[in-house]
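Residue-level structural notes
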Amino acid sequence: MTGVEKTPAALRAAILAKLSSHVGRRRSIATPRDWLLATAIVVRDLAVDRWLDSLEGTFRQGEKRVYYLSLEFLIGRLLFDNLNNLGIMDAVREALAGLDVDLDHLRALEPDAALGNGGLGRLAACFMESMATLGIPAYGYGIRYEHGLFRQVINNGVQEEYPEDWLAFGNPWEFARPDVHYEIGFGGTAEGGVWHPAELVVAVAYDTPVVGWRAARVNTLRLWSARPVDPLRLELFNSGDHAGALAARIRAEAISKVLYPSDATPVGEELRLRQEYFFAAASLQDLVRRHVKAFGDIASLADKTAIQLNDTHPAIAVAEMMRILVDHHRVAWSDAWAMTRAIFSYTNHTLLPEALETWPVALMERLLPRHMQIIYLINEEHLGALRAAHPGDDQLALRVSMIDELHGRRVRMSHLAFLGSHRVNGVSALHTDLMRETVFRDLNGLRPGQIVNVTNGIAFRRWLHEANPQLTALLTEAVGARVLDQEESLSALRPFADDTAFQARFAAIRRANKTALAQLIRRDLDIRVDPAALFDVHIKRMHEYKRQLLNILETIALYHAMRARPDEDWTPRVKLFAGKAAASYHRAKLIIRLAGDVGRVINADTALRDRLKLMFLPNYSVSLAEAIIPASDLSEQISTAGMEASGTGNMKLALNGALTVGTLDGANIEIRDHVGPDNIFIFGMNAAEVAARAAGGFAAADAIAASPMLAEVLDALAAGAFSPEEPGRYAGLVDMLRHDDRFMVCADFDSYYATQRRIDALWASPAAWWRASVLNTAGMGWFSSDRAIREYAGQIWHVPSC
Ligand code: NBG
């Protein structure tokens, strides 16, 4: 829509025009969804010119491109993202108002694009936005899952999973590119450097423009959809075998049917490996084709290409790149390897042993025979060099080999990613240190300096401007509009922390956000909460290491104390949980159930006089996070130290002024450094202490014996106090805590409880609370994903950034 003005009148006319030309509806009968579609198309049109300019500029100037390969992009809704970044939020609101349409109503109708499980996928989405903002020519590559992360329904306290259907009404933001398609092989044989796949699947591109802040640049998110080579086998269909005629199609389409439903604990499933190879191979074919078109030949590929592997999921791309260079382009092996290493870099997102991906050699040989040969060749060279440098050290060779020989011969994808890259990064300072000391200790010794740290960041445009417009307006008023462009200038807010008038405005905004959240809670759960209470939130994936259980146990202890001494001056608290558990993760699902059961008892107990409430909000999503975060007073970041690689929810909450109660884990440590140790509540063991306790054979029994309060909580739980209809429901859970407390819940319990009481005390002196809250917002500028992306650009990709 070249030349459309961004005035309300022009936008209104454009929306009306799209309502008929694109949606095919008259105004008189248009539904809200029709208006959403018409509006989205107008917004998309406004982005397109910038998009095409950006792509053409990169091509003409021969710029280096960055490719972000990720199996997950947890994008959420795009309408407000785009309105905000194009600077047309108010104009569109006014345009729609003139048509009697409420923009906020349309916003709520847009489905969340939930093509990710949690932090890793959301990080990819924030990074895409920052790359566009900083003018970096970048493509995101992933899979266009027909069904994203499952819809969570809590039925009688129990999590149920239902398929999510974000594409049911189409997706106005994407461009289907049926002409951009590649054949992807699987299986067959490999001889003499030639692969003869037994099966072919077609990858078809869908492009979504990603608009940077102030439309600085518009990049592409290219997602692949799987198709069969032939839509059906006609001869079978005609002979009456309708299912058989579609069998190949179903097998092919399964690849992009659903997001892999696990978070951090991969289960060895062939479909998952097919997904990984499918999108890695399609992306490499695409970027190599683009390069050859732009630069004439393959020789300069490494000068003009940076590929970031988001975790090991795309790591097979290393072998695929070698195959393309050596088998297709006839590049000499050693040159190809040098090019590959110059091109790739890899981000590690977890050290949990069960989450480090490995694939059975037998499966790889069957599905990707040529790649397995290439992996063996890379490994041979690698081990050859190792033996030369460390003769006789067979143990070392076993540890650094790409093949794990001790657990049934498996390919270690993290080793492949590490060896095929020039840089490997962790996502917080602590995590990176632990990478060097633990999982990658030996490889770090072989390639010192290869591991670097880039602490995660978050897109302020979404997590501040869009999610909390009132706070953004206040910040802009206080420190000037530069705060929207240079996040570090938030530090200029510090002098306002003691300003009572400013504190009052800051608090009033929180209060308004809490009132809105209270309405949402009333609507969804039929529970009344008082916006004057302390809103204490624990929102993230359900995982034992994240220790939602510790929070629930502390709530029970508090409940016991309140019942024992009802007349004490207790701080009113609302404890809010939200998060999904992997479908097969029974204990995490049991913890959801426990939250529900405990909430049921507490919320109904009139003796508490509404001073304590606990609830579990179902179906956590990016959009729900946008509603909860600006309404949060306290942020729970209480993982077992050493286990949370970084966390990014912790950053979103602190940025919006929530105080953190947390362990010295992941980015909590850096948050403490930036907001100041007096403005964060740290408790419990640090990572070194956890490791020492674990090595010394930590016995929960000692911790329980030392804590009568904890003992009472566990006894009550084991006796069925919260599940009278099934007294034994939590017996196993309590048993686990008593005898096999891997996540050291018991060890940190007393420290956590005491810290929560310090938090109560601070809440009781509002001037001190709001001072700390303002200082949190003021200190969080560094956690912008723009800062993180500048670091990637400078030390890893070697591309300029604004
Ligand atoms: C997650 C970590 C988080 C981290 C995000 C983004 C995986 C495998 N890892 O701590 O658990 O913030 O990655 O880096 O999902």
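See the structure shown above.
Let me sum up the structure you'll find in this document. These numbers come from a predicted model, not from an experiment.

**Quick word on the overall build of the protein**
Counting its secondary structure elements, the protein contains 33 helices and 24 strands. With the principal axes as the frame, the protein shows a C-alpha extent of 80 × 75 × 65 Å. Out of the 802 residues belonging to the protein, those deemed buried represent 61%. Of the contacts formed within the protein by residues at least 6 apart in sequence, a portion of 76% connects residues at least 24 apart. Counting every atom, the protein has about 29200 Å² of accessible surface; 54% of that belongs to carbon and sulfur. Between the averaged position of the 85 positive side-chain charges in the protein and that of its 96 negative side-chain charges there is a distance of 3 Å.

**A closer look at the pairing of strand E4 (residues 138-143)**
Within E4, six of the six residues are buried, which leaves it mostly tucked inside the rest of the structure. Of the two faces of E4, the one carrying Ala138, Gly140 and Gly142 and the one carrying Tyr139, Tyr141 and Ile143 are both buried. Relative to E4, strand E1 (residues 65-69) runs parallel, the two being bridged by four bridges. Residue pairing across strands places Tyr68 opposite Gly140, the latter belonging to E4. Pairing analysis gives five bridges linking E4 to strand E11 (residues 218-228), with the strands arranged parallel. When the bridges of E11 are listed, Tyr139 appears paired with Thr220.

**As for the pattern of salt bridges**
Applying the stated rule across the entire model yields 61 salt bridges. Its salt-bridge partner being Arg251, residue Glu199 comes within 3.2 Å of it at the nearest N-O pair. Of the two residues, Glu199 sits in strand E10 (residues 199-211) while Arg251 sits in helix H8 (residues 242-253), which places them 52 residues apart along the sequence. Glu320 is the salt-bridge partner of Arg323, the closest N and O atoms lying 3.0 Å from each other. Of the two residues, Arg323 and Glu320 are both situated in helix H11 (residues 316-328); the distance of three residues between them amounts to about one turn of the helix. Classification of Glu320 by relative accessible area gives buried; the value is 1%.

**Things to note about the nonpolar core**
Of all hydrophobic cores here, the largest spans 275 residues; its most connected members are Phe278 and Trp797. Apart from the residues lying within four places of it in its own chain, the contact partners of Phe278 are Ile143, Ile184, Phe186, Val201, Val202, Ala203, Trp224, Ser225, Ala226 and Ile255. Membership of the second largest hydrophobic core comes to five residues, among which are Leu352, Ala355, Tyr545 and Phe743.

**What about helix H6 (residues 119-133)?**
An α-helical turn contains 3.6 residues, so a residue and the one three or four places further along point in the same direction. Along its 15 residues, H6 runs 21 Å from first to last C-alpha, staying within 8% of the 21 Å computed at 1.5 Å per residue. Taken across its 15 residues, H6 has 14 buried, putting it largely inside the fold.

**Thoughts on the sheet that holds strand E13 (residues 344-347)**
Overall, mixed pairing links the nine strands, which are arranged E7-E10-E11-E4-E1-E12-E13-E17-E18 in an open sheet. Each edge of the sheet is formed by a strand with only one pairing partner; in this case those strands are strand E7 (175-186) and strand E18 (451-453). Along the sheet, successive strands turn relative to each other by an average axial angle of 25°, direction set aside. Against the sheet, helix H12 (residues 333-343) engages strand E12 (305-310) and E13, with an angle of about 45° to E13.

**Observations regarding the site of the ligand**
Near the ligand lie 15 residues; those nearest to it are His349, Asn456, Glu644, Ser646 and Gly647. In this structure, Tyr545 approaches the ligand through a side-chain N or O atom, which is 3.2 Å from an oxygen atom. Here Glu644 contributes a side-chain N or O atom positioned 2.6 Å from an oxygen atom of the ligand. Relative to its unbound accessible surface of 380 Å², the ligand loses 91% to contact with the protein. Taken together, the residues that form the shell around the ligand break down as five nonpolar, seven polar and three charged.

**Quick notes on helix H22 (residues 548-564)**
The end-to-end C-alpha distance of H22 is 25 Å, a good match for the 24 Å that 17 residues give at a rise of 1.5 Å each. Summarising burial for H22: 15 of the 17 residues are buried, a large majority.

**Side note on the packing of H22 against helix H29 (residues 708-718)**
Remark: H22 packs on H29, axes separated minimally by 9 Å, with the N-to-C direction vectors making an angle of 100°. The orientation of H22 with respect to H29, classified from their angle, is roughly perpendicular. Packed against H22, whose contacting residues are Leu553, Ile556, Ala557 and His560, the element H29 presents Met709, Leu710, Glu712, Val713, Leu714, Ala716 and Leu717 at the interface. Along the lines of polarity and charge, the residues of the contact of H22 with H29 split into nine nonpolar, one polar and one charged.

**Focus: the packing of aromatic side chains**
Summed over the entire model, instances satisfying the criterion amount to 21 aromatic pairs. Aromatic side chains Tyr141 and Trp224 sit 6.0 Å apart centroid to centroid with 15° between the ring planes, which places their arrangement in the stacked category. One end of the pair, Tyr141, is in strand E4; the other, Trp224, is in strand E11, and 83 residues separate them in sequence. In terms of burial, Tyr141 and Trp224 fall into one category: buried. Here the aromatic rings of Tyr182 and Trp224 are separated by 5.7 Å at their centres, their planes lie at 75°, and the arrangement is edge-to-face. In this pair, Tyr182 sits in strand E7 while Trp224 sits in strand E11, placing the two residues 42 residues apart along the sequence. The burial state of Tyr182 is the same as that of Trp224; both residues are buried. Within the aromatic cluster, the residues linked to one another by ring pairs are Tyr67, Tyr139, Tyr141, Tyr182 and Trp224.

**Thoughts on the state of the cysteines**
This model, assessed by the stated rule, comprises zero disulfides. Of the cysteine sulfurs around Cys802, a residue in no disulfide, the closest is that of Cys126, at 19 Å.

**Section: the side chain of His382**
As for its placement among the helices and strands, His382 is situated in helix H14 (residues 369-389). Here His382 falls in the buried class, since its relative accessible area comes to 11%. If we ignore the near neighbours within four places in the chain, the residues touching His382 are Val400, Ser401, Leu419, Leu443 and Leu446.

**Describing the environment of Lys546**
Relative to the helices and strands, Lys546 resides in the loop between strand E19 (534-539) and H22. A polar contact is formed between the side chain of Lys546 and the side chain of Glu644, at a distance of 2.8 Å.

**Concerning unusual backbone geometry**
For Asp311, which is not glycine, the phi torsion reads 65° and is therefore positive. Turning to its location among the elements, Asp311 is positioned in the loop between E12 and H11. Its relative accessible area of 6% is what places Asp311 among the buried residues. The backbone of Asn619 sits at a positive phi, close to 60°, despite the residue not being glycine.

**Re a nonpolar patch on the surface**
Residues Leu232, Leu234 and Phe237 make up a contiguous nonpolar surface patch of about 240 Å² in total accessible area. Turning to its location among the elements, Leu232 is positioned in the loop between E11 and helix H7 (234-238). Leu232 sits in the partly exposed class, given a relative accessible area of 30%.

**Quick notes on the sheet that holds strand E22 (residues 634-637)**
Taken together, the six strands give an open sheet; going across it, the order is E21-E20-E19-E22-E23-E24, and neighbouring strands pair in parallel fashion. The sheet terminates laterally at strand E21 (612-616) and strand E24 (681-682), the two strands that pair on one side only. Pairing between E19 and strand E20 (residues 573-578): six bridges, direction parallel. If you follow Ile539 over to E20, its bridge partner there is Ala578.

Cut-off values and rules
- Residues numbered from 1 in each chain as written.
- Predicted model: local features only at pLDDT ≥ 70, side-chain atom pairs only at ≥ 80, totals over all residues.
- Heavy atoms only, no water.
- Helix = DSSP H or I, 4+ residues; strand = E, 2+ residues; numbered from the N terminus.
- Buried < 20%, exposed > 50% of the residue type's maximum accessible area, 1.4 Å probe, protein only.
- Contact = heavy atoms within 4.5 Å.
- Areas by Shrake-Rupley, 256 points an atom, 1.4 Å probe, with all protein chains shown as cover.
- Lys, Arg positive; Asp, Glu negative; His and termini not counted.
- Charge placed at Lys NZ, Arg CZ, Asp CG, Glu CD.
- Pairing = 2+ DSSP bridges.
- Salt bridge = Lys/Arg side-chain N within 4 Å of Asp/Glu carboxyl O.
- Core = buried A, V, L, I, M, F, W, Y, C linked by side-chain atoms within 4.5 Å.
- Expected span 1.5 Å × (residues − 1).
- Axes fitted to C-alpha atoms, helices over the stretch in contact; angles between N-to-C directions.
- Near = heavy atom within 4 Å.
- Polar contact = N/O pair within 3.5 Å; in protein donor to acceptor, adjacent residues only side chain to side chain.
- Nonpolar A, V, L, I, M, F, W, Y, C, P; charged D, E, K, R; others polar.
- Parallel < 35°, antiparallel > 145°, perpendicular 65-115°, else oblique.
- Phe/Tyr/Trp six-rings, centres within 6.5 Å; stacked < 30°, edge-to-face > 60°.
- Disulfide = S-S within 2.5 Å.
- Patch = residues over 30% accessible without salt bridge, like charges linked within 9 Å, V, L, I, M, F, W, Y side chains within 5 Å.

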